[in-house]
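# Analysis of the macromolecular model
Each chain, letter by letter, is given below.
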Amino acid sequence: GIQVEQSPPDLILQEGANSTLRCNFSDSVNNLQWFHQNPWGQLINLFYIPSGTKQNGRLSATTVATERYSLLYISSSQTTDSGVYFCAPSEVAGGFKTIFGAGTRLFVKA
Amino acid sequence: NAGVTQTPKFQVLKTGQSMTLQCAQDMNHNSMYWYRQDPGMGLRLIYYSASEGTTDKGEVPNGYNVSRLNKREFSLRLESAAPSQTSVYFCASSEGLAGGRRSYNEQFFGPGTRLTVL
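Residues numbered from 1 in each chain as written. Chains lettered and ligands numbered in written order. Predicted model: local features only at pLDDT ≥ 70, side-chain atom pairs only at ≥ 80, totals over all residues. Heavy atoms only, no water.

### So, the state of the cysteines
All told, the structure shown has two disulfides over all chains when counted by the stated rule. Residue Cys23(A) pairs covalently with Cys87(A) via a disulfide, S to S 1.9 Å. The disulfide joining Cys23(A) to Cys87(A) has a torsion of about 60° about its S-S bond and is therefore right-handed. Residue Cys23(A) is found in strand 3 (residues 19–25), and its partner Cys87(A) is found in strand 9 (residues 83–92); the two are separated by 64 residues along the sequence. Judged on exposure class, the residue Cys23(A) and its partner Cys87(A) are both buried. Between the sulfur atoms of Cys23(B) and its disulfide mate Cys91(B) the distance is 1.9 Å. Between Cys23(B) and Cys91(B) the disulfide shows an S-S torsion of about -70°. By sign, it is left-handed. Of the two residues, Cys23(B) sits in strand 3 (residues 19–25) while Cys91(B) sits in strand 9 (residues 87–94), which places them 68 residues apart along the sequence. With relative accessibility at 0%, the residue Cys91(B) sits in the buried group. (Disulfide = S-S within 2.5 Å. Helix = DSSP H or I, 4+ residues; strand = E, 2+ residues; numbered from the N terminus. Buried < 20%, exposed > 50% of the residue type's maximum accessible area, 1.4 Å probe, protein only.)

### A look at the interface of chain A and chain B
Listed as interface residues are 24 residues of chain A and, on the opposing side, 24 residues of chain B. Taken together, both faces of the contact between chain A and chain B bury some 1,900 Å²; the carbon and sulfur share is 56%. Of all residues in chain A, Tyr48(A), Phe96(A) and Phe100(A) bury the most surface against chain B, accounting for 34% of the area lost on that side. For the interface between chain A and chain B, the tally reads zero salt bridges. At the boundary of chain A with chain B, the tally comes to five residue pairs in polar contact (both at pLDDT 80 or more). (Contact = heavy atoms within 4.5 Å. Buried area = accessible area lost by both parts, 1.4 Å probe. Salt bridge = Lys/Arg side-chain N within 4 Å of Asp/Glu carboxyl O. Polar contact = N/O pair within 3.5 Å; in protein donor to acceptor, adjacent residues only side chain to side chain.)

### Some details on the packing of aromatic side chains
A complete count under the given rule lists 11 aromatic pairs over all chains for this structure. Geometrically, the ring pair formed by Phe35(A) and Phe100(A) is stacked, given 5.5 Å between the ring centres and 25° between the ring planes. Of this pair, Phe35(A) sits in strand 4 (residues 31–37) while Phe100(A) sits in the loop between strand 10 (96–98) and strand 11 (104–109), and the two are 65 residues apart along the sequence. Side by side, Phe35(A) and Phe100(A) carry an identical accessibility label, which is buried. Relative to Tyr33(B), the ring of Phe96(A) lies with its centre 5.3 Å away and its plane at 55°, an arrangement referred to as tilted. Here Phe96(A) is found in strand 10, whereas its partner Tyr33(B) is found in strand 4 (residues 31–37) on a different chain. Residues Phe96(A) and Tyr33(B) agree in their burial class; the two are buried. An aromatic cluster is defined as three or more aromatic residues linked by ring pairs; in this entry it consists of Phe35(A), Phe86(A), Phe96(A), Phe100(A), Tyr33(B), Tyr35(B), Tyr48(B), Phe90(B) and Phe109(B). Above the ring of Tyr69(A), the side-chain terminus of Arg22(A) is found at 4.3 Å from the ring centroid. (Phe/Tyr/Trp six-rings, centres within 6.5 Å; stacked < 30°, edge-to-face > 60°. Lys NZ or Arg CZ within 6 Å of the ring centre and 35° of its normal.)

### Brief notes about the environment of Leu21(B)
All names here are of chain B. You can see leucine 21 is positioned in strand 3. Owing to a relative accessible area of 0%, leucine 21 belongs among the buried residues under this scheme. A sequence separation of 26 residues divides leucine 21 from tyrosine 47, and the C-alpha atoms of the two residues are 13 Å apart. In contact with leucine 21, not counting residues within four places along its chain, are Thr7, Trp34, Phe74, Ser75, Leu76, Leu78, Tyr89 and Thr113.

### Some points on the pairing of strand 7 (residues 64–68) of chain B
Residue and element names in this part refer to chain B. Burial along strand 7 is one-sided: Tyr64, Val66 and Arg68 are buried, and none of Asn65 and Ser67, which face the opposite way, are. Here five bridges tie strand 7 to strand 8 (residues 74–78), and the two strands are oriented antiparallel to one another. The partner of tyrosine 64 across the bridge, within strand 8, is leucine 78. The loop that links strand 7 with its antiparallel partner strand 8 comprises five residues. (Pairing = 2+ DSSP bridges.)

Pasting the structure below:
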């Protein structure tokens, strides 16, 4: 099955700093999602990105499917960016399969 | 739009008791999912329903059953709860299966049910 590795596992930033989160996956996948889980446990879909680059405000994501990795960029971080960021590659081949990584825990200091 | 709703929010069970977790979505989505999240970990797929009338096993289906009651509702049942099933349970929905390439298949999650089995 798909193996997912996220790095770094923990990250502390000063408000206003930029960061890059990485997701490596072991097999070819049809798609990949990035989620943010806020400190209250709510999961929010940030990007649905099989390949290429997408941007949404201060966040952007790039997936290079042929090299089996995806990057999430956070610019000008804010305290509200704190929480856990998960990547979740998935595929539909002989049934739906999705694997969530262990996440990157981000804390942004004011 | 309420999005994806789950009931109850919290539940404590004794070993061997049964219960059903309810999930409903008002986005007219075809696909629905149940995940569990254990402390410090990502989510693991328990069961999913690609469309009304179909259900399939995910990564960790043992000890659970599901029912896709109609297009809106997807329930998860624990027949005989065990302490290993202590977890936070999330329901999600999407237009189509989230493994496809279409951009509108992103998943939307409910607020979760925190279940403790003593």
